[in-house]
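Below are the chains, spelled out letter by letter.
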Amino acid sequence: MSPINAYLTFDGNAAQAMRFYEQVLHGKLEMMMTMAQAPDDACADLPRDAQDRIMHAALSFGGGMLMASDTFPGQPYEGMKGFGVALSLPSVDEAKRVFEAFADGGNVQVPLAPTFWAEVFGMVVDRFGTPWLVNGPDKSF
């Protein structure tokens, strides 16, 4: 496992986002625990409509881990901002496939194009609000 891993917070749609990321990244969802499934009734006092929120999810891919949860009810959710999840993909075709999947229903910030450090690079915020920095293979200097 990579020593640094991203942990995303959603506002009730972590399960949908993590299943989407599993498909797009060809990863493996290692864990998805709802608040109702928390051990020792840790979340038993939460309102009924909060029991299906995700307490913790973990997706492994490419030697790293993407983790997530939903906010607890009553916690303000300000969205995701001030960061981006960077991906380094092995081919231009794979970078295009992933970028296009994230762009579907999302918002392209920087179109995928050649750059000095990688064969292609682009920035996109997906339909779940996660900002991605998609890199194709590094250029040899």
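Anything mentioned here points back to the structure above.
Just so you know, these numbers come straight off a predicted model, no measurement behind them.

A. Just the nonpolar core, in detail. Core analysis: the largest hydrophobic core is formed by 29 residues, its most contacted members being Leu8, Phe10, Tyr21, Leu25, Phe102 and Trp132. For this core, the secondary-structure elements that each account for two or more residues are strand E1 (6–10), helix H1 (14–25), strand E3 (54–61), strand E4 (64–70), strand E5 (85–88), helix H2 (92–103) and strand E8 (131–135). For this core, the element with the highest residue contribution is H1, accounting for eight residues. With near-sequence residues (within four places) excluded, Phe102 lies in contact with Phe20, Tyr21, Val24, Leu25, Leu87, Val124, Val125, Asp126, Arg127 and Trp132.

B. Main features of the sheet that holds strand E6 (residues 107–113). Strand order in the open sheet formed by four strands is E5-E8-E7-E6, and the pairing between neighbours is mixed. At either margin of the open sheet sits one strand with a lone partner, and together these are E5 and E6. Across the sheet, the axes of successive neighbouring strands diverge by a mean angle of 15°, strand direction being ignored. Bridge analysis of strand E7 (residues 121–125) against E8 gives five bridges, and the strand direction is antiparallel. What sits directly across from Val125, in E8, is Pro131. Sitting on the sheet, H2 is in contact with E5, E6, E7 and E8, with an inclination near 165° to E6.

C. Summary view of the sheet that holds E1. Judged by pairing direction, the sheet is mixed, and its four strands sit side by side in the order E1-E4-E3-E2 without closing on themselves. In this open sheet, the two edge strands, each paired with only one partner strand, are E1 and strand E2 (28–34). Across the sheet, the axes of successive neighbouring strands diverge by a mean angle of 15°, strand direction being ignored. As paired elements, E2 and E3 share six bridges and run antiparallel to each other. When the sheet's bridge partners are listed, Met31 is paired in E3 with Ala58. Running over the sheet, H1 touches E1, E2, E3 and E4 and is turned about 5° from E3.

Parameters at a glance
Residues numbered from 1 in each chain as written. Predicted model: local features only at pLDDT ≥ 70, side-chain atom pairs only at ≥ 80, totals over all residues. Heavy atoms only, no water. Core = buried A, V, L, I, M, F, W, Y, C linked by side-chain atoms within 4.5 Å. Buried < 20%, exposed > 50% of the residue type's maximum accessible area, 1.4 Å probe, protein only. Helix = DSSP H or I, 4+ residues; strand = E, 2+ residues; numbered from the N terminus. Contact = heavy atoms within 4.5 Å. Pairing = 2+ DSSP bridges. Axes fitted to C-alpha atoms, helices over the stretch in contact; angles between N-to-C directions.

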